[in-house]
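Listed below, chain by chain, are the residues.
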Amino acid sequence: MSNIKVNLENTKISMEEILKYKEEVEQIDKILRKDPNSENNFLGWMELPSNYDKEEFERIKLAAERVRKNSEVFICIGIGGSYLGARAVIEALTNTFYNYSKRETPQILYAGNNISASYITDMIELIGDRDFSINVISKSGTTTEPALAFRIFREILENKYGIKGARERILVTTDKAKGALKQLSDEEGYETFVVPDNIGGRYSVLTAVGLLPIAVAGIDIEKLMQGAKYAQDKYTDSNLKYNECYQYAVVRNLLNRTNKDIEILVNYEPKMHYFTEWWKQLFGESEGKDGKGIFPAGVDFTTDLHSMGQYIQDGRRNLFETVINIENANSDFTIKEEADNLDGLNYLAGKTMDFVNKKAMEGTIQAHVDGRVPNILINMERLDEKTLGHLIYFFELACAMSGNILGVNPFNQPGVEEYKKNMFKLLGKPGYEN
């Protein structure tokens, strides 16, 4: 089983300091595990890897297989947690140039995550005459961005395939019993999958919300769940001395209490870019409330060393880094010697590209630590379904613990509604005139 290990050495925080939180962590853990499957809280993700709907899981695989057979393009319509988790996994586990390369699965596009007319126009042009299907993901069906995109692509499907043909190409992930999208799906006969009542959007990647698009991409969702199950079992020990997930949560808060209020998630693998975007939502929406919260940022190294590197090295000392290190590269090649050596790189001859990347990581970590930027290192054995499932669960559980230590509710997002009220008023939506 692929594993994950946490190295806290470069935070300069001792285990003695961490263990001062032992009783608090055990108390929070007890609360989190008291009744995780109750519909009155948002803790259903905690036991999801071992307690998911097996019948729906099989329907997901069948629906994904059908899409792969009848569609050249698959459009995932959603915003925030409704698409970020799926995109994170798909981009991490497929070819870097998946959408531009020859493949046996559909090209995957994302809509409903903005209100840009040019974005939609360009996407329609890109699809052209090719066969396509859509998966609209929304618990209510009334969230502005995905609802608008669904209107547009539903009309295109109905014009292209007729009402009956379109029904076979529209997959809906929504509330199990209520809401505008559920009502429409029942009326039209769309196949539906469930957004669980007790799992918030940013924690929902291992439900149908994320699993259906991931399966369409040809990724083994059973292995993804196996990795998450391994993490579920691994982090059941409430003893802070032995639980690295909870140690990470505690160290984040200890750093925050020394005015380190920005956490930068760092990766050295471009495929992990959207995993960082998912992580940013997870922690930003969970902890940013009541005037509190560690601001989650992200960089792709070594690329961003040539843009953000200067600030991280010499800017304000209010930040710390969490680096994801993939120990074993899925592919590699050896650097060759050149006769003229005009670029001066012959000293690297015989070394692999991954070796050079690792040394860049090690050198950067040391430079930033010397520059008073604490560093947390998360080592992944490899980038595959099991390890990524493990990492997803690791961060979800760490976020739940960290938010509780911080003293906020990590499962609500009251501030998200404020911009909507102003937008609806400006647009003249009924009920928002005053």
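These notes cover the structure that comes with them. As the structure is a prediction and not an experimental result, all values here were calculated from the model. (Residues numbered from 1 in each chain as written. Predicted model: local features only at pLDDT ≥ 70, side-chain atom pairs only at ≥ 80, totals over all residues. Heavy atoms only, no water.)

Let us now look at the sheet that holds strand β5 (residues 170–174). As summarised here, the arrangement of the five strands in space is β3-β2-β4-β5-β6, forming an open sheet in which the pairing is parallel. Two strands in the sheet have a free side with no partner beyond their single neighbour: β3 (107–111) and β6 (191–194). Looking at each pair of strands side by side, their axes are set apart by 20° on average, direction ignored. Relative to β3, strand β2 (residues 73–77) runs parallel, the two being bridged by five bridges. Looking across to β3, one finds that isoleucine 75 is bridged to leucine 109. In the packing of helix α8 (residues 208–216) onto the sheet, contacts are made with β2, β3, β4 (132–137), β5 and β6, and the angle to β4 comes to roughly 165°. (Pairing = 2+ DSSP bridges. Helix = DSSP H or I, 4+ residues; strand = E, 2+ residues; numbered from the N terminus. Axes fitted to C-alpha atoms, helices over the stretch in contact; angles between N-to-C directions. Contact = heavy atoms within 4.5 Å.)

Core analysis: the largest hydrophobic core is formed by 92 residues, its most contacted members being Trp45, Met272, Phe275, Trp278, Leu391 and Phe395. When residues in this core are grouped by element, the largest group, 12 residues, is from helix α14 (residues 385–406). Those residues within four positions of tryptophan 45 in sequence are excluded, and the remaining contacts are Ile199, Tyr203, Tyr393, Glu396, Leu397, Ala400 and Phe411. Listed in part, the 21 residues of the second largest apolar core include Val73, Phe150, Phe153 and Tyr190. (Core = buried A, V, L, I, M, F, W, Y, C linked by side-chain atoms within 4.5 Å. Buried < 20%, exposed > 50% of the residue type's maximum accessible area, 1.4 Å probe, protein only.)

Attention shifts here to helix α7 (residues 180–188). Listed in full, the buried residues belonging to α7 are Leu181, Lys182, Leu184, Ser185 and Glu188. The buried residues of α7 occupy one face: seen down the axis, they fall within an arc of 165°. Seen from the open side of α7, the exposed residues pointing more than 90 degrees away from its buried face are Asp186 and Glu187. The inward-facing, buried residues of α7 abut β4, α6 (144–167), β5 and β6. (Arc of directions from axis to C-beta.)

What follows concerns the pattern of salt bridges. A side chain of one charge can pair with a side chain of the opposite charge if their charged atoms are brought near each other. Per the counting criterion, the structure on display carries 25 salt bridges. Arginine 167 is the salt-bridge partner of glutamate 188, the closest N and O atoms lying 3.3 Å from each other. Of this pair, glutamate 188 sits in helix α7 while arginine 167 sits in helix α6; the two residues are 21 residues apart in sequence, bridging distant segments of the chain. Here lysine 178 makes a salt bridge to aspartate 175, at a shortest N to O gap of 3.4 Å. Through salt bridges that share partners, Lys139, Asp175, Lys176, Lys178 and Asp197 make up one connected network. (Salt bridge = Lys/Arg side-chain N within 4 Å of Asp/Glu carboxyl O.)

Within the secondary structure, isoleucine 152 sits in helix α6. Since its relative accessible area comes to 32%, isoleucine 152 is described here as partly exposed. Residues isoleucine 152 and asparagine 412, spaced 260 residues apart in sequence, show a C-alpha to C-alpha distance of 30 Å. Sequence-distant contacts of isoleucine 152, that is, excluding residues within four places in its chain, are made with Ile120 and Ile124.

Counted by the stated rule, this structure contains 18 aromatic pairs. Between phenylalanine 132 and phenylalanine 153, the ring centres sit 6.4 Å apart and the planes meet at 80°, which makes this aromatic pair edge-to-face. Of the two residues, phenylalanine 132 is situated in strand β4 and phenylalanine 153 in helix α6; the sequence distance between them amounts to 21 residues. Judged by its relative accessible area of 2%, phenylalanine 132 is buried. An aromatic cluster of three or more residues is present, and its members are Tyr235, Tyr248, Phe275, Trp278, Trp279, Phe283, Phe394 and Phe395. Looking at arginine 169, its charged tip hangs above the ring of tyrosine 161, at a distance of 4.1 Å from the centre. One Lys or Arg, lysine 429, reaches over the ring of phenylalanine 424 and ends 4.1 Å from the middle of that ring. (Phe/Tyr/Trp six-rings, centres within 6.5 Å; stacked < 30°, edge-to-face > 60°. Lys NZ or Arg CZ within 6 Å of the ring centre and 35° of its normal.)

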